[in-house]
Amino acid sequence: MVVPVKPTIDPLKAARRAGDPDCDVYLTGTVFLDIIFTGLDSAPVRGTESWARGMGSSPGGVANMATALARLGLHTSLAAAFGDDHYGEYCWDALEQGEGIDLTPSRTVPGWHSPVTVSMAYEGERTMVSHGHEPPPDAGAPDGGAPSCPPRARAAVASLTPGTQAPWIAQAARSGTRIFADVGWDDTGRWDLAGLADLAHCEAFLPNAEEAMRYTRTSCPRAAARALTEHVPLAVVTLGAEGAYAVDGRTGETAEVPAIAVEALDPTGAGDVFVAGFVMGTLAEWPLADRLAFAGLTAALSVQEFGGSLSAPGWAEVGAWWRRVREVEDQDPLALRRYAFLDGLLPSATRPWPLRRAVPTIGFRSA
């Protein structure tokens, strides 16, 4: 059974106008069934059997981002291919019924099995093994299901691929959609910004520090962020345990926010949660530093749970954290002021931690 997760507030209420798109954020990509093992003492060793203390399953891949956006109260539309197997049915139901994500642009592909990822979390890191095939050519676009005409949306999140252009990105940008982009590791080793042609259509680019430095041929992530603003209006570089740094090339404004120290259980999907938090703050027209702080907070909350999309926090979890940190004695007043903007946003009543955890679903029969 999938229990709906309903956002408690609309973070864009003050910014909504007559005639605005019904969709807040559009995205497309591949949905995986994620099977997550946690509580491993170390990485699996060749020729041995490892036992995990925890196990769960949830929709993964682009579903991590879609869920993170929806749980923050954004009207989210996802275009993806789903297998016609039990895994695909489970992922579709979890996203549409459980998270309220609009799957109108998505489709079920007959005879195609769902991609699967097995993730093993240990020592704050993860190791993944994936299996899947491209959808058949007659099923649509090979990038996971982008329609030829994406819906009108306030924003879209795109994952850029070196040397490849996705026509929907330029089309969406021409219609007024604000494009936020991240990027994966460049397996070619070229690290050539010219290969990210769709970056020209983006408002913001959010790589991690290593990616940013390689693409800009710099040795400092902050210098890399400044260099990236020659190619995109807003550059946000995540610094791992140091937090994040951003530069707005249009105004010259910079912001840097330290990371929140937490005990990480599973980092799966944390980058997606960070991007979702930043997109939400941008659409809500928050100051740059507040956007960075909120994105970092949501990512920190997510790594304390396991399960990729299931670990994405909503407003209830943010509220529970804010209430808890203010009750800690001798709390740093400066640190508290950094998140004081939450006071006017959070619901008056918040439920205690923990949020819903991933539970084993594979092999269970429906009642």
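So, here is what we can say about the structure in this document. Please read these numbers as outputs of a predicted model, since none were measured by experiment.

The rules we used
- Residues numbered from 1 in each chain as written.
- Predicted model: local features only at pLDDT ≥ 70, side-chain atom pairs only at ≥ 80, totals over all residues.
- Heavy atoms only, no water.
- 1 Å grid on protein atoms, 1.4 Å probe; cavity = no way out; pocket = protein on both sides within 12 Å on 5 of 7 lines; lining within 4 Å.
- Points joined across faces, edges and corners; volume = space filled by probe spheres on them.
- Helix = DSSP H or I, 4+ residues; strand = E, 2+ residues; numbered from the N terminus.
- Nonpolar A, V, L, I, M, F, W, Y, C, P; charged D, E, K, R; others polar.
- Expected span 1.5 Å × (residues − 1).
- Buried < 20%, exposed > 50% of the residue type's maximum accessible area, 1.4 Å probe, protein only.
- Arc of directions from axis to C-beta.
- Contact = heavy atoms within 4.5 Å.
- Core = buried A, V, L, I, M, F, W, Y, C linked by side-chain atoms within 4.5 Å.

## Let's talk about empty space enclosed by the protein
Enumeration over the complete set of coordinates arrives at one cavity of 30 Å³ or more. As a volume, the largest cavity reaches approximately 40 Å³. Every residue along the wall of the largest cavity is listed here: Val31, Phe32, Leu33, Ala81, Phe82, Gly83, Tyr87, Gly88, Cys91, Trp112, Ser114 and Pro115. Of all the elements in the fold, those that place two or more residues in the lining of the largest cavity are strand S2 (31-38), strand S5 (81-83) and helix H2 (86-99). Class assignment of the residues belonging to the lining of the largest cavity gives a composition of nine nonpolar, three polar and no charged.

## Considerations on the environment of proline 207
Within the secondary structure, proline 207 is located in the loop between strand S11 (204-205) and helix H4 (209-216). Residues proline 207 and valine 275 lie 68 residues apart in sequence; the distance between their C-alpha atoms is 9.9 Å.

## With respect to helix H7 (residues 288-302)
Its 15 residues place the ends of H7 22 Å apart at the C-alpha level, agreeing with the 21 Å of an ideal helix rising 1.5 Å per residue. Within H7, 13 of the 15 residues are buried, which leaves the element mostly enclosed by the surrounding structure.

## Observations regarding helix H5 (residues 221-228)
Residues spaced three or four apart along an α-helix face the same direction, because each turn holds 3.6 residues. Among all positions of H5, only Pro221, Ala224, Ala225 and Leu228 are buried. All buried residues of H5 fall inside an arc of 100 degrees around its axis, so they share one side. Where the residues of H5 are buried, they touch S11, H4, strand S12 (234-238) and strand S13 (244-248).

## Focus: the nonpolar core
Core analysis: the largest hydrophobic core is formed by 63 residues, its most contacted members being Leu78 and Leu342. With near-sequence residues (within four places) excluded, leucine 342 lies in contact with Phe294, Leu297, Val318, Trp321 and Trp322. Within the second largest apolar cluster, 33 residues are counted, among which are Tyr26, Ala153, Leu160 and Ala212.

## Some details on the environment of serine 309
Along the chain, serine 309 falls in the loop between H7 and helix H8 (315-327). With a relative accessible area of 2%, serine 309 lands in the buried category. With 248 residues separating them in the primary sequence, serine 309 and glycine 61 have C-alpha atoms 8.6 Å apart. Setting aside residues no more than four positions away along its own chain, serine 309 makes contact with Ser58, Pro59, Ala63, Asn64, Thr67 and Arg71.

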